[in-house]
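These are the residues of each chain, in order.
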Amino acid sequence: LSRMRKVLHLQSLHLAVVTVGVGADMSEIQVVEAPGADEIAEAKKWPTWDCEPSKFPWSYSQTETCYVLEGHVTVTPDGSQPVEIKAGQMATFPKGMKCTWEVHTYIKKHYNFE
């Protein structure tokens, strides 16, 4: 199975979406490098989660979207390439994905499950 990495620059919105294939069903992590003001305002209504530097396995029983307030993490889906996520970015993790989180610096994020 080929994995894909695709970067789409939408100049009119000044954002980049990175999509990484992670499995046979092509579930993917999506990272928005510069979310819009409306997306950020909505995310700030969500609960927060934080974590000190650490490394741990994780699996998603629901799709999660998060907006990172502080920190830097590398999320490596099982059988796929690592994805770096930093403060100011928004990421969506698909339902059913299994991965490893490596928190490089203290991270704080708003999150929402669908």
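Please refer to the structure higher up on the page.
Residues numbered from 1 in each chain as written. Predicted model: local features only at pLDDT ≥ 70, side-chain atom pairs only at ≥ 80, totals over all residues. Heavy atoms only, no water.

Caption draft 1: Structural detail: the side chain of Thr65. The residue Thr65 is located in strand β6 (residues 64–77) in this model. In this structure the side chain of Thr65 is engaged in a polar contact, spanning 3.2 Å, whose partner is the side chain of Thr92. Among residues more than four places away in sequence, those in contact with Thr65 are Trp46, Met90, Ala91, Thr92, His110, Tyr111, Asn112 and Glu114. (Helix = DSSP H or I, 4+ residues; strand = E, 2+ residues; numbered from the N terminus. Polar contact = N/O pair within 3.5 Å; in protein donor to acceptor, adjacent residues only side chain to side chain. Contact = heavy atoms within 4.5 Å.)

Caption draft 2: Molecular detail of the nonpolar core. Val75, Ile85, Phe93 and Trp101 are the most contacted members of the largest nonpolar core, which totals 17 residues. Elements with a minimum of two residues in this core: β3 (28–32), β6, β7 (83–86), β8 (90–93) and β9 (98–113). Sequence-distant contacts of Phe93, that is, excluding residues within four places in its chain, are made with Ile29, Tyr60, Gln62, Thr63, Glu64, Cys66, Val75, Ile85 and Trp101. (Core = buried A, V, L, I, M, F, W, Y, C linked by side-chain atoms within 4.5 Å. Buried < 20%, exposed > 50% of the residue type's maximum accessible area, 1.4 Å probe, protein only.)

Caption draft 3: Looking closely at the packing of aromatic side chains. This model, assessed by the stated rule, comprises six aromatic pairs. Seen in terms of ring centroids, Trp49 and Trp101 are 5.8 Å apart; in terms of plane orientation they differ by 80 degrees. Their pairing is edge-to-face. Of this pair, Trp49 sits in strand β4 (residues 48–51) while Trp101 sits in strand β9; the two residues are 52 residues apart in sequence, bridging distant segments of the chain. Ring centres 5.0 Å apart and planes at 10 degrees place the aromatic pair Tyr60 and Phe93 in the stacked group. Here the residue Tyr60 occupies a position in the loop between β5 (54–59) and β6, and Phe93 occupies one in strand β8, the gap between them amounting to 33 residues. Using a relative accessible area of 0% as the deciding quantity, one classes Phe93 as buried. One aromatic cluster is present, formed by Trp49, Phe56, Trp58, Tyr60, Phe93 and Trp101 through successive ring pairs. Between the NZ or CZ atom of Lys109 and the centre of the ring of Trp49, over which it lies, the distance is 5.0 Å. (Phe/Tyr/Trp six-rings, centres within 6.5 Å; stacked < 30°, edge-to-face > 60°. Lys NZ or Arg CZ within 6 Å of the ring centre and 35° of its normal.)

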